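Here is what each chain is made of, one letter per residue.
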Amino acid sequence: MVRVRFAPSPTGMLHVGTARTALFNWLLARAEGGALVLRIEDTDQSRVAAGALESILEGLRWLGLEWDEGPEVGGPHAPYVQSQRQPRYLEAAQELVAKGRAYECFCSAERLEAVRREQRARKEAPRYDGRCRNLEPAERARLRSEQPYVMRFAVPPQGQTRFEDYVRGEIVFENREIEDFVLIKSDGMPTYQLANVVDDHLMEITHVLRGEEWISSTPKHVLLYGAFGWQAPVLVHLPLILAPDRSKLSKRHGATALLEYR
Ligand code: GLU
């Protein structure tokens, strides 16, 4: 059975372009007799905006895009709000550490900033330099008991990560361009990358339809699916709604909040 999801972050009013992504998910679910899951991606608590969740639910209902599982309706994979699912992500990250595919990183914000500054000076793309990747086990154990840390994915230094996008065909990324991205932040919350993959797997999502601004995140997701030994869903990146001058639609072109159109 086709299972799709619409996974907004409650960071502001529901954008008309985001609503369009929801429409494509709803259409596929209804055309195939499948299920539409509504999942709230609120793990970046600093960006959560008051009233945003209500505006998402109200906007979807106004458009008639009813969801089959999610907030207010429940379902077999509840809760559908990521901040209420934290233990699952931590467990998943620990599984990757045990498999040697992730590691704790103790670098301070100051050190990371200094590394980025040097890289910029050398005209290199700023990225984590991997210092904590090969710590001695005893050193790692000592640091773990003494200071806060994040958990990072160990990206293979060579090779390529490729995937088949349903709209665009094959997309290839060089692994050396992908940094050892963070899975769990120092506050214990997962990043978008980890939470998104874990939930798409646990919620048995078959097709991911999302805006094409997420393409650059997708190789990280593909690496995660591989490391967990999970099958990745069908990946579908949808074009964005553009302004007449072909730039991304923004407030300077007119209303972007869906409910303003009401
Ligand atoms: N939370 C992401 C957003 O705000 C979801 C992206 C995705 O569908 O994977 O759009």
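Values in this document were obtained by computation on a predicted structure and should not be read as measured data. (Residues numbered from 1 in each chain as written. Predicted model: local features only at pLDDT ≥ 70, side-chain atom pairs only at ≥ 80, totals over all residues. Heavy atoms only, no water.)

Student: Looking at this structure, I do not really get the overall build of the chain. What am I missing?
Tutor: Broken down by element type, the chain carries 7 helices and 9 strands. In terms of overall dimensions, the chain is globule-like: its C-alpha atoms have a radius of gyration of 20 Å, near the 18 Å expected for 262 residues. Considered along the principal axes of its C-alpha atoms, the chain spans approximately 60 × 45 × 40 Å. Long-range pairs, those at least 24 residues apart, make up 74% of the contacts in the chain between residues at least 6 apart in sequence. Within the structure as shown, the chain displays about 13400 Å² of accessible surface, and the carbon and sulfur contribution to it stands at 52%. Each charge sign in the chain was given a centre, from 35 positive and 36 negative side chains, and these centres are 4 Å apart. (Helix = DSSP H or I, 4+ residues; strand = E, 2+ residues; numbered from the N terminus. Rg over C-alpha atoms; globule rule 2.2 N^0.38 Å. Contact = heavy atoms within 4.5 Å. Areas by Shrake-Rupley, 256 points an atom, 1.4 Å probe, with all protein chains shown as cover. Lys, Arg positive; Asp, Glu negative; His and termini not counted. Charge placed at Lys NZ, Arg CZ, Asp CG, Glu CD.)

Student: Just checking my understanding: could you explain the pairing of strand β5 (residues 160–165) for this structure?
Tutor: Each regular strand displays side chains that alternate between the two surfaces of the sheet. Burial along β5 is one-sided: the face carrying Thr161, Phe163 and Asp165 is buried and the face carrying Gln160, Arg162 and Glu164 is not. Pairing analysis gives 6 bridges linking β5 to strand β6 (residues 169–174), with the strands arranged antiparallel. By the bridge assignment, Gln160 is partnered in β6 with Glu174. Counting the residues between successive antiparallel strands, the hairpin from β5 to β6 contains 3 residues. (Buried < 20%, exposed > 50% of the residue type's maximum accessible area, 1.4 Å probe, protein only. Pairing = 2+ DSSP bridges.)

Student: Sorry, what's going on with the packing of helix α6 (residues 192–202) against helix α7 (residues 218–228) here?
Tutor: To characterise two packed helices, one gives the angle between the axes of the helices and the distance between these axes. As a packed pair, α6 and α7 sit with axes 10 Å apart at the nearest point and diverge in direction by 55°. It follows that α6 is oblique to α7 by the angle criterion. Handedness of the crossing formed by α6 with α7: right-handed. The residues of α7 that touch α6, namely those facing Tyr192, Gln193, Leu194, Asn196, Val197, Val198 and Asp200, are Lys220, His221, Leu224, Tyr225 and Phe228. (Axes fitted to C-alpha atoms, helices over the stretch in contact; angles between N-to-C directions. Parallel < 35°, antiparallel > 145°, perpendicular 65-115°, else oblique. Left-handed = near helix turned anticlockwise from the far one by under 90°.)

Student: Would you take a moment to explain the site of the ligand for this structure?
Tutor: Around the ligand, the structure places Arg5, Ala7, Ser9, Glu41, Tyr192, Asn196, Arg210 and Trp214. Contacts to the ligand include Ala7, whose backbone N or O atom sits 2.8 Å from a nitrogen atom. Out of a free accessible area of 300 Å², the ligand has 85% covered by protein chains. Considering only residue class, the shell around the ligand consists of 3 nonpolar, 2 polar and 3 charged. (Near = heavy atom within 4 Å. Polar contact = N/O pair within 3.5 Å; in protein donor to acceptor, adjacent residues only side chain to side chain. Nonpolar A, V, L, I, M, F, W, Y, C, P; charged D, E, K, R; others polar.)

Student: Looking at this structure, I do not really get the nonpolar core. What am I missing?
Tutor: Grouped burial of nonpolar side chains is what soluble globular proteins tend to show. Ranked by internal contacts, the top residues of the largest apolar core, which has 23 residues, are Val4, Phe6, Leu14, Leu36, Leu38, Leu60 and Trp67. Broken down by secondary-structure element, the contributors of at least two residues to this core are β1 (3–6), α1 (16–31), β2 (35–38), α2 (52–63) and β9 (234–238). For this core, the element with the highest residue contribution is α1, accounting for 4 residues. If we skip the residues at most four places from it in the chain, Leu60 touches Phe6, Leu14, Ala22, Leu38, Leu65 and Trp67. Grouped together as the second largest cluster of nonpolar side chains are 22 residues, Ala102, Met151, Phe181 and Ile184 included. (Core = buried A, V, L, I, M, F, W, Y, C linked by side-chain atoms within 4.5 Å.)

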